[in-house]
Amino acid sequence: MLSRLGLLVLRGLGYLPLPWLRALGTALGALLRVAIPSRRRVVQTNLRVCFPHLSDAARVALARQTFVYFAQAWLDRSWLWHRSAACIQSRVQLSGEVAALSEATPTVLFAPHFMGLDVGWTALTLNLPLHFTTIFTPQSNAAVDAWVAQGRQRFGQVRLFRREDGVKPIVSALRQHELLYLLPDMNFGPSESIFVPFYGEPAATVPSLSRFAKLGRARVVPVITRMTASGYEVVVHPAWHDFPTDDAEADTATMNQRLEVLINTMPAQYFWVHKRFKTRPPGAPELY
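Below: a short report on this structure. (Residues numbered from 1 in each chain as written. Predicted model: local features only at pLDDT ≥ 70, side-chain atom pairs only at ≥ 80, totals over all residues. Heavy atoms only, no water.)

### Examining helix α10 (residues 248-265)
Item 1. Here α10 spans 26 Å end to end across 18 residues, near enough to the 26 Å set by a 1.5 Å rise per residue.
Item 2. Among all positions in α10, only Asp251, Thr252, Ala253, Met255, Asn256, Leu259, Glu260, Leu262 and Ile263 are buried.
Item 3. Each element contacted by the buried residues of α10 is listed here: β2 (107-110), β6 (194-198), β7 (201-205), α9 (208-215) and β8 (219-228).
Item 4. Two to three positions downstream of the cap, the backbone nitrogen of Glu249 sits 3.1 Å from a side-chain oxygen, assigning the N-cap of α10 to Asp247. (Helix = DSSP H or I, 4+ residues; strand = E, 2+ residues; numbered from the N terminus. Expected span 1.5 Å × (residues − 1). Buried < 20%, exposed > 50% of the residue type's maximum accessible area, 1.4 Å probe, protein only. Contact = heavy atoms within 4.5 Å. Polar contact = N/O pair within 3.5 Å; in protein donor to acceptor, adjacent residues only side chain to side chain.)

Here it is as structure tokens:
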């Protein structure tokens, strides 16, 4: 848990040169991997399930790098949420189909849980004079909750919806051409989830990408963030022209299949610290 003092320290770290901050993240990631064995087991289990073809040594190396990226991305919020817009723009490169986002078309931005997910949001809201919305998951620590909410509202014209707000205001915003930055690729429990394959293993997945796109009459545009030595690259991909269909389950399976392709380009940068397979189909053995 981060205290208010810890957040002040983190804010100060944002003024370090980026290579220094990344080096600190490397050390912190190594420490977290050793100090939190329960989370280390989660990462190892996820990698074993999703990459059975890799050797044990390769999966151990991948797990080590995952913890490093996790720690580096957490520390990078120190400058992302506190340094100037000029500093952020010097470290974050926005590319791809950016101009297409200005079209008067309802749009759901598919933003999977890569380590730089907050960077993608900041890059869009900082650089584009558009209206954005996203769904905000409250943090258990009040100080951290306030810090995250403030960080995500730094730039642009944004609205943070809470899950308890329901579907109607989100769909209404979509139809008014407010872009929805959606992160639907986590296990949110059995409620409203369906089991579709993720790397060949049944994974409880909310079909929200398909449903919001259908209800909002919206296109789906992937936005993928990659951590680099000099900062981050945020790439706006072309819209999925065959999505959504009339079958939410098939759409959700398609989402996972396409997500796998993206993960395979930078597997250590995916959020493997999450218990993606915590919810199991009836009769299936526990994995964690």
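### Here's the deal with the packing of aromatic side chains
Item 1. Going through the model one piece at a time under the given rule, you end up with 17 aromatic pairs.
Item 2. Look at Trp79 and Tyr232: their rings are 6.2 Å apart centre to centre, the planes differ by 45 degrees, and that puts the pair in the tilted class. Residue Trp79 is located in helix α4 (residues 56-80), and its partner Tyr232 is located in strand β9 (residues 231-236); the two are separated by 153 residues in the primary sequence.
Item 3. Overall, the relative accessible area of 0% leaves Trp79 in the buried class.
Item 4. Using a relative accessible area of 1% as the deciding quantity, one classes Tyr232 as buried.
Item 5. Plain terms: the ring middles of Phe198 and Phe277 are 6.1 Å apart, the flat faces sit at 35 degrees to each other, and that makes the pair tilted. Of the two residues, Phe198 is situated in strand β6 and Phe277 in the segment after α10; the sequence distance between them amounts to 79 residues. (Phe/Tyr/Trp six-rings, centres within 6.5 Å; stacked < 30°, edge-to-face > 60°.)

### Some thoughts on the side chain of Glu260
Item 1. Relative to the assigned elements, Glu260 resides in helix α10.
Item 2. Here Glu260 is buried and forms no salt bridge, its nearest opposite-charge partner Arg276 lying at an N-O distance of 9.3 Å.
Item 3. Among residues more than four places away in sequence, those in contact with Glu260 are Pro197, Phe198, Tyr199 and Gly200. (Lys, Arg positive; Asp, Glu negative; His and termini not counted. Salt bridge = Lys/Arg side-chain N within 4 Å of Asp/Glu carboxyl O.)

### Structural notes on the pattern of salt bridges
Item 1. Taken as a whole and assessed by the stated rule, the structure comprises ten salt bridges.
Item 2. The shortest N-O distance in the salt bridge between Asp118 and Arg77 comes to 2.9 Å. Of this pair, Asp118 sits in helix α6 (residues 117-127) while Arg77 sits in helix α4, and the two are 41 residues apart along the sequence.
Item 3. What makes Asp118 buried here is its relative accessible area of 3%.
Item 4. Across the pair Glu178 and Arg159 runs a salt bridge whose closest N-O atoms are separated by 2.9 Å. Here Arg159 lies in strand β4 (residues 157-162) and Glu178 lies in the loop between α8 (168-175) and β5 (179-182), a separation of 19 residues in the sequence.

### Thoughts on the nonpolar core
Item 1. Within the largest apolar cluster, 87 residues are counted, with the highest numbers of intra-cluster contacts made by Phe198 and Trp272.
Item 2. At nine residues, α4 tops the list of elements feeding residues into this core.
Item 3. When near neighbours in sequence (up to four residues on either side) are disregarded, Phe198 contacts Cys50, Ala203, Asn256, Leu259, Glu260, Ile263, Tyr270, Trp272, Arg276 and Phe277. (Core = buried A, V, L, I, M, F, W, Y, C linked by side-chain atoms within 4.5 Å.)

### Structural notes on a nonpolar patch on the surface
Item 1. Taken together, the side chains of Leu5, Leu8 and Val9 define a hydrophobic patch exposed on the protein surface, amounting to about 320 Å² of accessible area.
Item 2. Looking at the element boundaries, Leu5 is found in helix α1 (residues 4-13).
Item 3. Residue Leu5 is classed as exposed on the basis of its relative accessible area, which comes to 58%. (Patch = residues over 30% accessible without salt bridge, like charges linked within 9 Å, V, L, I, M, F, W, Y side chains within 5 Å. Areas by Shrake-Rupley, 256 points an atom, 1.4 Å probe, with all protein chains shown as cover.)

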